[in-house]
Amino acid sequence: MSTMRKLLTLICESDLERKLSDEVMALGAHGYTVTEARGRGAHGERDAAWAPSGNIRMEVICESSVAQTIAAHVKKTYFAHYSMVVYLSDVEVLRDDKF
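Residues numbered from 1 in each chain as written. Predicted model: local features only at pLDDT ≥ 70, side-chain atom pairs only at ≥ 80, totals over all residues. Heavy atoms only, no water.

Engineer: Which residues make up the overall build of the protein, and what values do they have?
Structural biologist: Per the secondary structure count, the protein includes two helices and six strands. In the protein, the order of α-helices and β-strands from amino to carboxyl end is β-α-β-β-β-β-α-β. In the protein, buried positions account for 35% of the 99 residues. Within the protein, contacts between residues separated by at least 24 positions form 80% of all contacts whose residues are at least 6 apart in sequence. (Helix = DSSP H or I, 4+ residues; strand = E, 2+ residues; numbered from the N terminus. Buried < 20%, exposed > 50% of the residue type's maximum accessible area, 1.4 Å probe, protein only. Contact = heavy atoms within 4.5 Å.)

Here it is in structure tokens:
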């Protein structure tokens, strides 16, 4: 048996990790995963040289309403001052009690 959830992905400067992780949990997420991120986009190549501590990808699997709340908060709080990529995807989870 599986359940549909949203995958919220945030890619940003790693300096924001602690603040974002606290906010994501306060806004209703049950957990998150953080990995290092590198790549190239509209602003050129992004790696550890771009920010003193590099970039991260934070992934949150949660109910749609929680994902929308977090995305709206991140847009309002960070978009004007930070280079961020934020996107939502539909995912099918096998352990719905975890998300």
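Engineer: Provide a residue-level description of the pattern of salt bridges, including the pertinent values.
Structural biologist: Pairing of side chains with opposite charge becomes possible as their charged atoms draw close. This structure, assessed with the given rule, holds two salt bridges. Where D90 meets K6, a salt bridge forms, and the shortest distance between an N and an O atom there is 2.5 Å. Of the two residues, D90 is situated in strand β6 (residues 85–93) and K6 in strand β1 (residues 3–13); the sequence distance between them amounts to 84 residues. Given a relative accessible area of 56%, D90 falls into the exposed group. D22 is the salt-bridge partner of R18, the closest N and O atoms lying 4.0 Å from each other. Placement of the pair is R18 and D22 together in helix α1 (residues 17–26), with a separation of four residues, close to one helical turn. (Salt bridge = Lys/Arg side-chain N within 4 Å of Asp/Glu carboxyl O.)

Engineer: Mind laying out the sheet that holds strand β5 (residues 55–62), listing which residues take part and the relevant values?
Structural biologist: One open sheet accounts for four strands, arranged β2-β5-β1-β6; its pairing is antiparallel. Taken across any chain shown, the strands that pair with only one partner, and hence form the sheet edges, are β2 (33–37) and β6. Adjacent strand axes in the sheet meet at a mean angle of 25° when their direction is disregarded. In this structure, β2 lies alongside β5, joined through five bridges in antiparallel fashion. The residue of β5 that forms the bridge with A37 is N55. Of the strands in this sheet, β1, β2 and β5 touch α1, which is tilted by about 5° from β5. Taken strand by strand, helix α2 (residues 64–78) contacts β1, β5 and β6, and its axis lies near 20° from that of β1. (Pairing = 2+ DSSP bridges. Axes fitted to C-alpha atoms, helices over the stretch in contact; angles between N-to-C directions.)

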